[in-house]
Amino acid sequence: MLTLHYWPGYCSLAAHIVLRWIGSPYRLKLADLDTRQSNAFLRLNPSSTVPVLVDEDGWALSQNVAVLRYLAEISPQARLGGEGVRGRALVNRWLAYINSDVHKAFSPLMHPERLAVDQDEREQTLDDARKVLRKHFGVFDKALGERPWIAGDHRSIADPYLFVLTRWARARGVDLGGFDGVNTHFARLCADPDVCEALAEEGLAGTELAARPEH
């Protein structure tokens, strides 16, 4: 039995979806801001972030990309990690891009209250962030115009992570107009029964964000 420490709508949703895809028994533990600052949680993950995946022997793993890769490796029959050396490299390429370049670009939109600027400057900063994100989603759209899944012809652990960021983009006013590949990918994930169940388990639907959108 695996335990996933999560917060609704965070990037931990990607790991939640993958847990359902691989068919692994799991339980969810809600980790709000106070919980993530507790000594017990910090022993699991000193960086105080979700997701944290805990195996039944107490072994804990943090950082979304590491968690996703671990889930793919413990369930190779699900074919979520990429096949062959190049297939795995392509999945890792997209995971790295999503995690390192695109995820962090959401920070101003997720935390506008942290911007130490006046209202006009804040709006300009948020508008600039949306423009940067539209460029990133243009990269995704080009790839998805050539294949049904971000890393190839088969779904992978990169797809639910992209799904999470697309939810954020839609909720935070990023213009995804004209990105048929991205929007088709999002619709495909929205129609997936396991994705629907994961959203329901987190009390989410559609593009709704968590009540407290820290990440």
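*Asks:* Just checking my understanding: could you explain the packing of helix H1 (residues 12–22) against helix H8 (residues 158–171) for this structure?
*Replies:* Working note: a packed helix pair is described by the angle between its axes plus the distance between those axes. Running from N to C, H1 and H8 cross one another at 140°; their axes reach a closest spacing of 8 Å. Taken together, the axes of H1 and H8 lie oblique to each other. Both H1 and H8 take part in a crossing whose hand is right-handed. Of H8, the residues touching H1 (which contributes Leu13, Ala14, Ile17, Val18 and Trp21) are Asp159, Pro160, Tyr161, Phe163, Val164 and Arg167.

*Asks:* Quick question: what am I supposed to make of the sheet that holds strand S4 (residues 60–62) here?
*Replies:* Note on sheets: strands pair through backbone hydrogen bonds, and any given pair is parallel or antiparallel. The sheet built from four strands is open, its strands ordered S2-S1-S3-S4 with mixed pairing. Both edges of this open sheet fall to strand S2 (26–30) and S4, since each of them pairs with a single strand only. Geometrically, the sheet is characterised by an average inter-axis angle of 20° between neighbouring strands, direction not taken into account. Its contacts with the sheet place H1 against strand S1 (2–6) and S2, and it is angled at close to 155° to S1. In the packing of helix H4 (residues 64–74) onto the sheet, contacts are made with S1, strand S3 (52–54) and S4, and the angle to S4 comes to roughly 125°.

How each quantity is defined
Residues numbered from 1 in each chain as written. Predicted model: local features only at pLDDT ≥ 70, side-chain atom pairs only at ≥ 80, totals over all residues. Heavy atoms only, no water. Axes fitted to C-alpha atoms, helices over the stretch in contact; angles between N-to-C directions. Helix = DSSP H or I, 4+ residues; strand = E, 2+ residues; numbered from the N terminus. Parallel < 35°, antiparallel > 145°, perpendicular 65-115°, else oblique. Left-handed = near helix turned anticlockwise from the far one by under 90°. Contact = heavy atoms within 4.5 Å. Pairing = 2+ DSSP bridges.

Take it as geometry only, folks, not as evidence of what the structure does.
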